[in-house]
Number of protein chains: 2
Amino acid sequence: MFPEERRRRILEQMRSGEAVKVADLCTQLGVSEASIRRDLRELERSGLLARTHGGALPNEGTMNEPSFAEKATRSHAEKVAIARLAAGLVQDGESLILDAGTTTLEIARQLRQRKDLTVITNAFHIAAELSDCPGIKVLVTGGEVRGNTLALVGPVAERTLADVNADRLFLGANGIDLKRGITTPTQAEAAVKRTMIESARQIVLVADHTKLGKVAFATIAPVTRAHVLVTDRQFDPHAARELTARGLQLLIAQ
Amino acid sequence: MFPEERRRRILEQMRSGEAVKVADLCTQLGVSEASIRRDLRELERSGLLARTHGGALPNEGTMNEPSFAEKATRSHAEKVAIARLAAGLVQDGESLILDAGTTTLEIARQLRQRKDLTVITNAFHIAAELSDCPGIKVLVTGGEVRGNTLALVGPVAERTLADVNADRLFLGANGIDLKRGITTPTQAEAAVKRTMIESARQIVLVADHTKLGKVAFATIAPVTRAHVLVTDRQFDPHAARELTARGLQLLIAQ
DNA sequence: TCAGATATACTCAAAGTCAATCAATATCGG
DNA sequence: CCGATATTGATTGACTTTGAGTATATCTGA
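What comes next concerns the included structure.

Rules behind the numbers
Residues numbered from 1 in each chain as written. Chains lettered and ligands numbered in written order. Predicted model: local features only at pLDDT ≥ 70, side-chain atom pairs only at ≥ 80, totals over all residues. Heavy atoms only, no water. Helix = DSSP H or I, 4+ residues; strand = E, 2+ residues; numbered from the N terminus. Buried < 20%, exposed > 50% of the residue type's maximum accessible area, 1.4 Å probe, protein only. Contact = heavy atoms within 4.5 Å. Phe/Tyr/Trp six-rings, centres within 6.5 Å; stacked < 30°, edge-to-face > 60°. Near = heavy atom within 4 Å. Polar contact = N/O pair within 3.5 Å; in protein donor to acceptor, adjacent residues only side chain to side chain. Nonpolar A, V, L, I, M, F, W, Y, C, P; charged D, E, K, R; others polar. Salt bridge = Lys/Arg side-chain N within 4 Å of Asp/Glu carboxyl O. Axes fitted to C-alpha atoms, helices over the stretch in contact; angles between N-to-C directions. Parallel < 35°, antiparallel > 145°, perpendicular 65-115°, else oblique. Pairing = 2+ DSSP bridges. 1 Å grid on protein atoms, 1.4 Å probe; cavity = no way out; pocket = protein on both sides within 12 Å on 5 of 7 lines; lining within 4 Å. Points joined across faces, edges and corners; volume = space filled by probe spheres on them.

## Here we look at the overall build of chain A
Helix and strand counts for chain A come out as ten helices and 15 strands. Projected onto its principal axes, the C-alpha coordinates of chain A cover approximately 65 × 45 × 35 Å. For chain A, buried positions account for 51% of its 254 residues. Long-range contacts, defined as pairs at least 24 residues apart, comprise 58% of the intrachain contacts of chain A with a sequence gap of at least 6.

Structural data, given as structure tokens:
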């Protein structure tokens, strides 16, 4: 058992967010307490955990935060249903903007067989997904990479988007609220999404029912700025009626 | 038993994700510890495992990926060697342009631990590789996705590149020829690479020896436009002398 | 607040491991 | 055939890792 190996196992054990005790690790890994302490000190130095008396607590980054991959599998069936319905709006020959996000990635997958599409996106995954489709021309906006979402934001992205004219935008969001509008966690993302909205003729908002009522930090636009909302059937009927009354077309995936 | 064969067996043994001990490998493969250590050093350089005191651990993630087989080849080891040498030119705090390509991707990997870098690239893979590095700001050029290489080309890419000023460019190429210059298969890529050249203070051409004498369809620039060429030691000595005479600095990876 | 129980930092010596060098052998290209 | 290059294993001194021992620090419950 090597020191490095031991440290990996310690981290592995903390992945669930639980604290570890020196004595436990000691028996589990079959080394003296001195060695365990040395390991913990080292891992603390790397910023992976915080030591306490008798053991250690995992640090933010060490815990299993929902990665992109995990988010993508969470309620995957619903996302596919929403994506199918949304993709049905697209006619061959159109040009589309696809926002970054797991639902919009599903839309991209649904569009693979289509002919003569132009897709503009600020998401790696979407561009990669469509890059080998003969009937689809993919334009990436460029911009700075936003840490964990792999979305591109910033002036470069905005400028590219400002210079295009798309038939349709498929917009993702973290929060949809009747009063606070469509929201997202960062100003930078909000700015990009606003530019997308300006460059598209029709705005299709895609969001599952869990987004309703949530408010994230930065407002993108009022909900009425969207023309269509595609969501699932657990979407609150009251809110649905209210949105319809305000002129949105609602499409409910089954 | 050839060194290559031995290394393959070592990797074979680590496939399950288990650690290996120098002493064990030593008896199993019937060679001295010195040789085993040399093998492990080499494999570590290629990014296939992590050495520890007494043995080695499989590198997290890499072991079961499809890219694993490719990484185990000799040409990949050469690329890594070139990349290490090239990455050594970079000082913390600089801004770089990284062209799309397998060697430049390796350069990106070598830069992960650096601080305060700005990296501009037209390659997905490079952007993804560096996106989670706290010390590195990644700017993607944007542009159209070129089918199989996943490089971004076209007016959007060129405009983004034209608007930046980088300390260094690491440029890949399909062909390097004394008469025909630096070449690449398509006009679109050539145009992007030319823009990169214009936006950087120092041009570092990275190319293994197989590129010498090859001529691809589109010329990017004469070889003399580069300031430094990083290559491997199988690079033809005559050509090397000729290039040095023309003012290029040659760096030969061992 | 204090005493007793734990947990910790520190030093040290032993065991094991490593890098560097060198000479011997094997292989390659002409 | 010869010189150049690669590969190998032995040797040496230096480095890491380890657990025990000891003095200090921290926690807990009264």
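## Let's talk about the packing of aromatic side chains
Under the criterion given, the structure shown has one aromatic pair over all chains. Considering the side-chain rings of A:Phe124 and B:Phe124, the 5.4 Å spacing of their centres and the 50 degrees angle between planes classify their relative orientation as tilted. Of this pair, A:Phe124 sits in helix H7 (residues 124-130) while B:Phe124 is found in helix H7 (residues 124-130), placing the two residues in two different chains. Residue A:Phe124 is classed as buried on the basis of its relative accessible area of 5%.

## Remarks on the side chain of B:Ser199
For B:Ser199, the position within the fold is in helix H9 (residues 187-199). Residues contacting B:Ser199, with those up to four places away along its chain left out, are B:Ile97, B:Leu161, B:Ala162, B:Val164, B:Asn165 and B:Ala166.

## A look at the protein's contact with DNA strand D
Residues in contact with DNA strand D amount to 17 residues; listed here are only the nearest, A:Ser35, A:Arg38, A:His53, B:Arg6 and B:Ser35. The sugar-phosphate portion of DNA strand D accounts for 71% of its atoms within 4 Å of the protein, the bases making up the rest. Interatomic distance of 3.3 Å between a side-chain N/O atom of A:His53 and a sugar or linking oxygen of DNA strand D. One of the side-chain N or O atoms of B:Arg233 is found 3.5 Å from a phosphate oxygen in DNA strand D. Elements supplying a minimum of two residues to the surface near DNA strand D: helix H1 (3-14) and helix H3 (33-45) of chain A together with helix H1 (3-14) and helix H3 (33-45) of chain B. Among the residues forming the surface near DNA strand D, the class breakdown is six nonpolar, six polar and five charged.

## Quick word on the pattern of salt bridges
All names here are of chain A. Per the stated rule, a full pass over the model turns up 39 salt bridges over all chains. Across the salt bridge formed by Asp92 and Arg114, the nearest N and O atoms sit 3.5 Å from each other. With Asp92 in the loop between helix H5 (76-87) and strand S4 (95-98) and Arg114 in the loop between helix H6 (102-110) and strand S5 (117-121), this residue pair connects regions lying 22 residues apart in the sequence. For Asp92, a relative accessible area of 47% translates into the label partly exposed.

## So, the packing of H1(A) against H3(A)
All names here are of chain A. Their axes nearest at 10 Å, the elements H1 and H3 cross at an angle of 70 degrees. With respect to each other, H1 and H3 are oriented roughly perpendicular. Between H1, through Pro3, Arg6, Arg7, Ile10 and Leu11, and H3, the contact on the second element is made entirely by Ser35, Asp39, Leu40, Glu42 and Leu43. Considering only residue class, the contact of H1 with H3 consists of five nonpolar, one polar and four charged.

## A look at the sheet that holds strand S3 (residues 55-58) of chain B
If you trace the three strands from one edge of the open sheet to the other, you get S1-S3-S2 (chain B), paired in antiparallel fashion. Only two strands of the sheet have a single partner each, and these edge strands are strand S1 (20-21) and strand S2 (49-52) of chain B. Examined bridge by bridge, S2(B) and S3(B) share four bridges and lie antiparallel to one another. Counted as the bridge partner of B:Leu49 is B:Pro58 from S3(B). The strands touched by H1(A) within the sheet are S2 and S3 of chain B, with S3(B) carrying the most contacts at an inclination of about 30 degrees. Set on the sheet, H3(B) makes contact with S2 and S3 of chain B; between it and S2(B) the angle comes to about 135 degrees.

## Quick look at empty space enclosed by the protein
Residue and element names in this part refer to chain B. Throughout the structure, instances matching the rule amount to one cavity of 30 Å³ or more. Roughly 30 Å³ of volume is contained in the largest cavity. Asp99, Ala100, Asn122, Ala151, Glu189, Val192 and Lys193 are the residues that line the largest cavity. Looking at the lining of the largest cavity residue by residue, the class counts come to three nonpolar, one polar and three charged.

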